[in-house]
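Observations on the model geometry
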Amino acid sequence: MSQYVIAPPSQAAIPVQGGGLFPVRRIFCVGRNYAEHAIEMGSDPTREPPFYFTKPADAVLTGGADMPYPPMTKQLHHEMELVVAIGKAGANIPVERALEHVWGYCAGLDMTRRDLQNEAKKTGRPWDMGKGFDHSAPMGPLRPAAGFDPSRGRIALKVNGAIRQESDLSKLIWSVPEVIANLSELVALAPGDLIMTGTPENVAAVQRGDLLEGVVEGVGEVHTRLV
Ligand code: MN
């Protein structure tokens, strides 16, 4: 008989292209990692050290499922991102070894209650309720890492068929290996960890009924409809 006094939570997971499930441990997100997005957020786009926030693992929304419009916001924003899935543990990982820790990649959306995030910024409070709410991380299927070079590739998001965000992974201020190396100095990375690498410019609000379709060239797609 189990020692747990309530049923343990089910394991959050992301489907893998071609079959299988990748169990999600933690979700780390990089803030302001494309210069044009840093500028639109009113920040200096210089190479200041990367910073991070997190979402709960069970914020993942997979399989193209509908996303319920979240409560307590009038300004739900999309942020289209490349997501890195860690397969091998490590701390203080050197940049040149960083990609050895990657199991795969997927296209993902860092959905944001921008009004709550802006209020938190203004008052010096945590971003958690602006970023880490239920279903706030729609994810496409994971592509195994072999054969993919995360230093370039088109990243784009359509809303209701019209292009909203479009950039290239080559414009990341901190590259995927640099982010892994830096984050692994702050926490020991473990298999199952996801890293959302930041969004390019032209984040904007979406409404109930909108269809979001994102793509990262060479990785795959993510889609969800707001309901
Ligand atoms: Mn983001």
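Provided above is the structure to which this section pertains.
Comments concerning the overall build of the protein chain
Assigned secondary structure in the protein chain consists of 4 helices and 16 strands. Its C-alpha radius of gyration of 17 Å places the protein chain within 12% of the 17 Å reference for a compact globule of 227 residues. Summarising its shape, the C-alpha atoms of the protein chain cover approximately 45 × 45 × 40 Å along the three principal directions. In the protein chain, which comprises 227 residues, the share counted as buried stands at 49%. Taking the intrachain contacts of the protein chain between residues at least 6 apart in sequence as the baseline, contacts between residues at least 24 apart amount to 75%. For the protein chain, the accessible surface area stands at approximately 10600 Å², while carbon and sulfur atoms represent 54% of it. Both charge centroids of the protein chain, one from 22 positive and one from 26 negative side chains, sit 3 Å from each other.

A short note on the coordination of the manganese ion
Within the protein, the atoms that donate to the manganese ion are Glu79 (OE), Glu81 (OE) and Asp110 (OD), at distances of 2.0 to 2.1 Å. Of the residues examined, Asp110 reaches a relative accessible area of 0% and is grouped as buried.

A few points about the pairing of strand 13 (residues 162-168)
As judged from the 6 bridges shared by strand 12 (residues 154-159) and strand 13, these two strands associate in the antiparallel manner. Directly across from Val159, in strand 13, lies its bridge partner Ala162. Linking strand 12 to strand 13, which pair antiparallel, is a turn of 2 residues; within it Asn160 sits at a positive phi near 50°.

Structural notes on the packing of aromatic side chains
Here the structure, examined in full by the defined rule, presents 4 aromatic pairs. On the numbers, 5.5 Å between centres and 50° between planes, the contact of Phe53 with Trp127 is tilted. Taken together, the residues span a long stretch of sequence, with Phe53 in strand 4 (residues 52-55) and Trp127 in the loop between helix 2 (114-123) and helix 3 (128-131) at a distance of 74 residues. For the pair Phe53 and Trp127, one class covers both residues: buried. With a centroid separation of 4.9 Å and 65° between ring planes, the pair formed by Tyr105 and Phe148 is classed as edge-to-face. Taken together, the residues span a long stretch of sequence, with Tyr105 in strand 8 (residues 102-109) and Phe148 in the loop between strand 11 (143-144) and strand 12 at a distance of 43 residues. Across the pair, Phe148 and Tyr105 agree in class, each one buried. Each member of the aromatic cluster is reached from another via a ring pair, and the members are Phe51, Phe53 and Trp127. Of note, Lys55 hangs over the ring of Phe133, and the distance from its end group to the ring centre comes to 5.8 Å.

Topic: the sheet that holds strand 15 (residues 211-216)
Strand pairing in a sheet relies on backbone hydrogen bonds. The paired strands run either parallel or antiparallel. Across the sheet, 4 strands lie side by side as 13-12-15-16; this open sheet has antiparallel pairing. Only two strands of the sheet have a single partner each, and these edge strands are strand 13 and strand 16 (220-225). Ignoring strand direction, the axes of neighbouring strands in this sheet form an average angle of 10°. Pairing of strand 15 with strand 16 involves 6 bridges; the strand directions are antiparallel.

Re the side chain of Glu81
Along the polypeptide, Glu81 turns up in strand 7 (residues 80-86). A distance of 2.9 Å separates a polar side-chain atom of Glu81 from the backbone nitrogen of Gly198. Ignoring any residue separated from it by four or fewer positions in sequence, one finds Glu81 in contact with Cys106, Ala107, Gly108, Asp110, Ile155, Met196, Thr197, Gly198, Thr199 and Val216.

What about the environment of Ser136?
Within the fold, Ser136 resides in the loop between helix 3 and strand 10 (137-138). On a C-alpha basis, the gap between Ser136 and Asp149 in space is 27 Å, while along the polypeptide they are 13 residues apart. Leaving out residues up to four positions away in the same chain, Ser136 has contacts with Lys55, Ala59, Met67, Leu109, Asp110, Met111 and Lys131.

Reading the values: rules and limits
- Residues numbered from 1 in each chain as written.
- Predicted model: local features only at pLDDT ≥ 70, side-chain atom pairs only at ≥ 80, totals over all residues.
- Heavy atoms only, no water.
- Helix = DSSP H or I, 4+ residues; strand = E, 2+ residues; numbered from the N terminus.
- Rg over C-alpha atoms; globule rule 2.2 N^0.38 Å.
- Buried < 20%, exposed > 50% of the residue type's maximum accessible area, 1.4 Å probe, protein only.
- Contact = heavy atoms within 4.5 Å.
- Areas by Shrake-Rupley, 256 points an atom, 1.4 Å probe, with all protein chains shown as cover.
- Lys, Arg positive; Asp, Glu negative; His and termini not counted.
- Charge placed at Lys NZ, Arg CZ, Asp CG, Glu CD.
- Donors = N, O, S within 2.8 Å, 3.2 Å for Na, K, Ca; no water.
- Pairing = 2+ DSSP bridges.
- Phe/Tyr/Trp six-rings, centres within 6.5 Å; stacked < 30°, edge-to-face > 60°.
- Lys NZ or Arg CZ within 6 Å of the ring centre and 35° of its normal.
- Axes fitted to C-alpha atoms, helices over the stretch in contact; angles between N-to-C directions.
- Polar contact = N/O pair within 3.5 Å; in protein donor to acceptor, adjacent residues only side chain to side chain.

The values reported here are purely geometric and, on their own, carry no functional implication.
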